[in-house]
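Observations on the three-dimensional arrangement
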Amino acid sequence: DFLYIDFNKTDGLIFNGDSGTTSCYNDTLRTYGDVEGKADQFNQNVIEERSENTDFVSESSVQTNVASDNLEITSSLAGFLHRTDTISAPNRCSVRARLTPSGPSKIGSLWYRDRSPVINGFDTYFSFQISDHSKECTFVKDQYFSTTSYRTCSVHGADGFAFVIQNSVNDTAAIGDDGGKMGFGGIDSSIAIAFDTWTNPGLDTMFTDHVSIQSKGVNANDAFEDGLLGVPRTHKLADGKIHTVRITYYGDLQPQYFNYLVASDSLLTYLKDNGEQKRIGTLLVFLDDGITNDVPLIAMPINLSLVLKSPDDKAYVGFTSSTGRFYEKHDILSWYHCDQEPCDDDLKKNFDYYFRSYYSNSTIQINEPGPGFGGGYSKTFPVRNQSPKSIPLDEPLQHFAKDRNIGLAEDAITQIPPYTLY
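Residues numbered from 1 in each chain as written. Predicted model: local features only at pLDDT ≥ 70, side-chain atom pairs only at ≥ 80, totals over all residues. Heavy atoms only, no water.

Some points on a negative patch on the surface
A contiguous patch of negative charge, built from D1, E341, D344, D345 and D346, is present on the exposed surface. Its location among the elements puts D1 in the segment before β1 (2-4). Given the relative accessible area of 36%, D1 is considered partly exposed. (Patch = residues over 30% accessible without salt bridge, like charges linked within 9 Å, V, L, I, M, F, W, Y side chains within 5 Å. Areas by Shrake-Rupley, 256 points an atom, 1.4 Å probe, with all protein chains shown as cover. Salt bridge = Lys/Arg side-chain N within 4 Å of Asp/Glu carboxyl O. Lys, Arg positive; Asp, Glu negative; His and termini not counted. Charge placed at Lys NZ, Arg CZ, Asp CG, Glu CD. Helix = DSSP H or I, 4+ residues; strand = E, 2+ residues; numbered from the N terminus. Buried < 20%, exposed > 50% of the residue type's maximum accessible area, 1.4 Å probe, protein only.)

Quick look at the structure:
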């Protein structure tokens, strides 16, 4: 088991590409290592493009959006694909892992240093936040009179990130392709739980934020339909909120989750047993309230031993991300991983140390004990599953010594609250 309540310490982690740590503040004094402070800088670069035809000149620019511009854009300039729920990155934060900064064609990966047991089951939690989306503004002018015909702006970042399990020949140096490949497309012998925030026309099946499971077995993974193992599920991801994810794999089928199963034809290869203790298992993905309510967003029957073909049942676990022409910051705030039961409860309790995730604010569910399980109440000692009475056992708080009379007049009691005469 391991736990990163934040990423102030990065022992045991391998960063590749554009990934690094950040405290959400660009200060050169904080850039003291290969990855520390590497991803602090707010992207100020502007990508400009110009095109012409017989009648019009079109000029477009892509830059990082500032949240204070959202109202004007939404009310009068919004174009196709514009999002109204984006935020700017915080200017101070506990140290977090930033998989990609805000900039075009960035790519990053982050791996735990040692290979972990995965075939017989694991349980991992992490929290993430996506911010600082790119903004594209287009000006269309008359070719001859230079008058503005119209102007549009759309705020929408890309492309997403993934939790990845891999046995690539590149080990902890594994990193995939940029753009819609989300950093895992191209990594061999891998399976990715992808958190996709961009629609790639003709390649994706969803036109909104969604979660999918992607793999091509021992071959190079694919982030589009060729690698899709089941129907994607929609969920808000890039709305600037801090979300919490739980990903669990059981080494056998779990009937209680059958109502949430997804599958596709490409999954058939991995739907068979592979020997003792290498049976068809159940891969579950929970988000936010689904963690508290034990309702997965995705449940998939799959045999990971056929996907990864690991001789010792181990693989590397970590994250990848990428951007293309459009971009956003992909931040991992905390991470807890348990590779075999029983998990370390003390580590798990400290996972959400800063109490900033949606999960930590979820509604606490209180269930009344039923008959036969110690339910009901006792007038003496509390029975099993019954909370003791919490009525205070002391007298009401006194604001003065009621028996105090030394050095006071005989009627002093009338001069002390609540017995004052005035």
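Text resumes after the structure shown.
Some remarks on the environment of T244
For T244, the position within the fold is in strand β16 (residues 243-250). The exposure class assigned to T244 is buried, which follows from its relative accessible area of 0%. In the structure, T244 is positioned 43 residues away from L287 in sequence and 5.8 Å away in space, judged by C-alpha atoms.

Comments concerning the layout of surface pockets
One water molecule sets the probe size; rolling that probe over the atoms shows where empty space is left. One number sums up the size of the largest pocket: a volume of about 290 Å³. Along its surface, the largest pocket is lined by 20 residues, and N120, G121, F122, Q340 and E341 are the ones closest to its centre. Counting only elements with at least two residues in the lining of the largest pocket, the list comes to β9 (121-131), β16 and α4 (345-349). Considering each element in turn, the lining of the largest pocket owes the most residues, 4 residues, to β16. For the lining of the largest pocket, a count of residues per class yields 8 nonpolar, 5 polar and 7 charged. (1 Å grid on protein atoms, 1.4 Å probe; cavity = no way out; pocket = protein on both sides within 12 Å on 5 of 7 lines; lining within 4 Å. Points joined across faces, edges and corners; volume = space filled by probe spheres on them. Nonpolar A, V, L, I, M, F, W, Y, C, P; charged D, E, K, R; others polar.)

Structural notes on empty space enclosed by the protein
One pass over the full model with this rule turns up 2 cavities of 30 Å³ or more. D196, L203, D204, T205, H210, S212, Q214, A223, F224, E225, L228 and P232 together form the lining of the second largest cavity. At 3 residues, the largest contribution of residues to the lining of the second largest cavity is made by strand β14 (residues 210-215). Taken together, the residues of the lining of the second largest cavity sort by class into 5 nonpolar, 4 polar and 3 charged.

Section: the state of the cysteines
The full count for this structure, using the stated rule, is 3 disulfides. At a sulfur-sulfur separation of 2.1 Å, the disulfide partner of C24 is C93. Because the sign of the S-S torsion sets the handedness, a value of about 90 degrees for the bond joining C24 and C93 places this disulfide among the right-handed ones. Remark: C93 occurs in the loop between α1 (70-77) and β6 (96-100) and C24 occurs in the loop between β3 (20-22) and β4 (47-52); sequence separation between them is 69 residues. Each of the two residues, C24 as well as C93, counts as buried. The disulfide bridge from C137 ends at C153, spanning 2.0 Å between sulfur atoms. With the S-S bond torsion at 110 degrees, the cross-link from C137 to C153 turns out right-handed. Highlighted residues: C137 in strand β10 (residues 134-142) and C153 in strand β11 (residues 148-155), separated in sequence by 16 residues. Of the two residues examined, C137 and C153, each falls in the buried class. (Disulfide = S-S within 2.5 Å.)

Quick notes on a nonpolar patch on the surface
A surface patch of nonpolar side chains, about 240 Å² in accessible area, is lined by L253, F258 and L261. With respect to the secondary-structure elements, L253 resides in the loop between β16 and β17 (281-287). You can call L253 partly exposed: its relative accessible area is 41%.

Examining the pattern of salt bridges
In total, this model carries 14 salt bridges according to the counting rule given. When the shortest N-O distance is used, the salt bridge between R115 and D312 registers 2.7 Å. Here R115 is found in the loop between β7 (107-112) and β8 (116-117), whereas its partner D312 is found in the loop between α3 (304-308) and β19 (314-322), with 197 residues between them in sequence. Since its relative accessible area comes to 38%, D312 is described here as partly exposed. Three or more residues are tied together by salt bridges with common partners; here these are R83, D85, D209 and K236.

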